[in-house]
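An overview of the molecular structure
For reference, the chains in residue letters:
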Amino acid sequence: MFRFGASIELGKIAHIGFDALFPVNETAGSLESPLFGFGGDVSPIKWLRLSAGFMTGGNYDFQVPLGLTFVAPGGTYEFGIASRDAVTFFAQNGPTLSWSMGFLRFRV
């Protein structure tokens, strides 16, 4: 795969970004078509980060990832919970549950 992405920090409270993945072969497990995604996060208060995005293409129709992260004082530790596709919680046809959690993130 060929991957391209970019992001920008908007002040101290927000980030936005874009990602594109392009298949370069047809081996098993490869994407069927290019995958595009964009998203961002915002920190309305120092200890809370909300994130959301949208992606489409590849082997998927579209997905809307959502995340919630709590940041300890000083920003050294973080605790987060996220969904890879929030739409699936409300879908009637073929919902796929996907859930991930991050417990600690160390920054230097």
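Since the structure is predicted, the reported quantities are computational estimates derived from the model, not experimental observations. (Residues numbered from 1 in each chain as written. Predicted model: local features only at pLDDT ≥ 70, side-chain atom pairs only at ≥ 80, totals over all residues. Heavy atoms only, no water.)

**Brief notes about a nonpolar patch on the surface**
On the surface, a cluster of nonpolar side chains totalling about 790 Å² of accessible area is made up of Phe2, Phe4, Phe18, Val24, Phe36, Phe38, Phe54 and Phe62. Among the elements of the structure, β1 (2–10) and β3 (35–45) are those that each provide at least two residues to the nonpolar patch. With respect to the helices, strands and loops of the structure, phenylalanine 38 is situated in strand β3. Here phenylalanine 38 falls in the exposed class, since its relative accessible area comes to 51%. (Patch = residues over 30% accessible without salt bridge, like charges linked within 9 Å, V, L, I, M, F, W, Y side chains within 5 Å. Areas by Shrake-Rupley, 256 points an atom, 1.4 Å probe, with all protein chains shown as cover. Salt bridge = Lys/Arg side-chain N within 4 Å of Asp/Glu carboxyl O. Helix = DSSP H or I, 4+ residues; strand = E, 2+ residues; numbered from the N terminus. Buried < 20%, exposed > 50% of the residue type's maximum accessible area, 1.4 Å probe, protein only.)

**Quick notes on the side chain of serine 43**
Inspection of the secondary structure assignment puts serine 43 in strand β3. Looking at serine 43, the relative accessible area reads 16%, which means it is buried. Apart from residues no more than four positions distant in its own chain, serine 43 is found in contact with Ile13, Leu48 and Arg49. (Contact = heavy atoms within 4.5 Å.)

**Comments concerning the pattern of salt bridges**
Counted by the stated rule, this structure contains two salt bridges. The salt bridge involving arginine 3 is made with aspartate 19; its shortest N-O contact spans 2.6 Å. Here the residue arginine 3 occupies a position in strand β1, and aspartate 19 occupies one in strand β2 (residues 14–22), the gap between them amounting to 16 residues. Where glutamate 78 meets arginine 49, a salt bridge forms, and the shortest distance between an N and an O atom there is 3.2 Å. With glutamate 78 in strand β7 (residues 78–83) and arginine 49 in strand β4 (residues 48–57), this pair connects stretches of sequence that are 29 residues apart.

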